[in-house]
Amino acid sequence: MSNVPSIDKSSRFKAVQAEIGRALGALAIALVVTAVIVFLTSKSPIEALTQLFTAPIAKVRTIGLWVDDIAKLTVTGLAFSLVFQARQFAMGVQGQVYVGGIAASYVVLSPIGSTPLGLAAGVLAAMAAGALYGFLPGIAKARLGANEIVSSLMLNYIAIELCNFLMRTSLPKPQPGVLTSIDFPKESVFPALIEKTRIDLGLIFAIVSVIVVWFALYRTSWGLKLRLVGHNSRFAEYAGIKSTFIMVSAMTASGALGGLLGAMFVQGQTWGKLTVLF
């Protein structure tokens, strides 16, 4: 008989219940505070609260905005979570979004963008650019001891200014002086899952990303090593785990997710083109 203790599934269920309870409690508190403020400031508090709670869900377009934001915030959270699993606090997702958006734009505005391969090529280019931008602060931390928070934050500003520069100098624009690119070919824009809303293929990418990240973290040896490095990097080194490689690979994978988010912005129904400060 094995002496290895079995996993207590009930404790995991209780933890999920606790998290849901905390979220619902926070929501209830927020609603109570909102109601108090409305009653103190509005001449028609009942009508105002009715509009607050019913108007948003009465329009499909508004629900589409919510779903689109949820998809993007989900990928953002995944990008940060990979780095945090290794107890690194890189803040470079914004820069990875920008370089991803730039890379996707150059690909889809090239001849390939008007072909059936344009959409996938743009996404892959964005992920590759984001991965490289995540790799840079990771390797700087591993080889030079650079603080990952400072380096990743500085790279954010570089990416934003690079986008501004390229928009002004090289990307095709609908007319001079306009700081947006021409519209992307329809073959390279994410198709809408629900017509006349921003619910597009990005939602599918977000769902797939959740599954892939979960699988990588909890069903692969790489994920186990990443979590061990995060819990105790010195012990991981004693166990033969190359902490440096794991850390850099986590930041690179995080960057790929940031690049994907950039593609979701510029190739999605939100824009369908590259704009300054998108």
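Draft legend 1. Region of interest: the nonpolar core. With 50 residues, the main nonpolar core has Leu226, Leu257, Met264, Leu274 and Phe278 as its most contacted residues. Counting residues per element, the ones that place at least two in this core are α3 (60-85), α4 (93-108), α5 (118-144), α6 (148-169), α7 (201-218), α8 (221-231) and α10 (243-266). Other than its neighbours up to four places away in sequence, Leu226 contacts Leu82, Gln85, Ala86, Leu217, Ile246 and Ala250. Residues Val83, Ala90, Met247 and Val248 belong to the second largest nonpolar core, which totals five residues.

Draft legend 2. Molecular detail of the confidence of the model for the chain. Of all residues in the chain, 97% have pLDDT values of 70 or greater, and the mean over the chain is 90. Across the chain, the secondary-structure element scoring lowest on mean pLDDT is helix α9 (residues 233-238), at 79, and the one scoring highest is α4, at 97.

Draft legend 3. Seen up close, the packing of α7 against α8. Look at α7 against α8: their axes get within 5 Å of each other, and the N-to-C directions meet at 70 degrees. Of the possible angle classes, the one that applies to α7 and α8 is roughly perpendicular. From α7, Ala216, Leu217 and Tyr218 reach across to α8, where they touch Trp222, Gly223, Leu224, Leu226 and Arg227. Along the lines of polarity and charge, the residues of the contact of α7 with α8 split into six nonpolar, one polar and one charged.

Draft legend 4. α8, seen in detail. Within α8 the residues assigned to the buried category are Gly223, Leu226, Val229 and Gly230. Projected down its long axis, α8 carries its buried residues within an arc of 125 degrees, all on one side. Along α8, the residues that are exposed and aim more than 90 degrees away from the buried face are Ser221 and His231. Buried residues along α8 sit against α3, α7, α9 and α10.

Draft legend 5. Summary view of the pattern of salt bridges. Under the counting rule described, the total for this entry stands at five salt bridges. Here Arg198 makes a salt bridge to Asp68, at a shortest N to O gap of 2.8 Å. Of this pair, Arg198 sits in the loop between α6 and α7 while Asp68 is found in helix α3, placing the two residues 130 residues apart along the sequence. Judged by relative accessible area, Asp68 falls into the buried class, the value being 4%. Of the charged contacts in the structure, one is a salt bridge between Lys141 and Glu148, with a shortest N-O distance of 3.2 Å.

Conventions and cut-offs
Along each chain, numbering runs from 1 in the same order as the chain's sequence is written. With the structure being a predicted model, the display of local features is reserved for residues of pLDDT at least 70 and the display and counting of side-chain atom pairs for 80 or more, all residues being used for whole-chain, interface and lining totals. To obtain the side-chain values, all non-hydrogen atoms of the structure were included, while hydrogens and water were left out. In these notes, a set of buried Ala, Val, Leu, Ile, Met, Phe, Trp, Tyr and Cys residues joined through side-chain atoms within 4.5 Å is what counts as a nonpolar core. Only protein chains enter the accessibility calculation, which uses a 1.4 Å probe; a residue whose area is less than 20% of its type maximum is buried, one above 50% is exposed, and one in between is partly exposed. We count a stretch as a helix when DSSP gives it H or I for four or more residues in a row; a strand needs E for two or more, and each element gets its number in order from the N terminus. Two residues form a contact once any of their heavy atoms are found within 4.5 Å. pLDDT runs from 0 to 100 and stands for how confident the predictor is about each residue. Lines are fitted to the C-alpha atoms to define the axes, a helix being fitted only along its stretch in contact, and any angle between axes, read from their N-to-C directions, falls within 0 to 180 degrees. Should an angle fall under 35 degrees it is called roughly parallel, over 145 degrees roughly antiparallel, and 65 to 115 degrees roughly perpendicular, with every other angle called oblique. Three classes are used, and their members are as follows: Ala, Val, Leu, Ile, Met, Phe, Trp, Tyr, Cys and Pro are nonpolar, Asp, Glu, Lys and Arg are charged, and the others, Gly among them, are polar. The arc under discussion is defined with respect to the helix axis, by the directions toward the C-beta atoms. For this analysis, a salt bridge means a side-chain nitrogen from Lys or Arg found within 4 Å of a carboxyl oxygen belonging to Asp or Glu.

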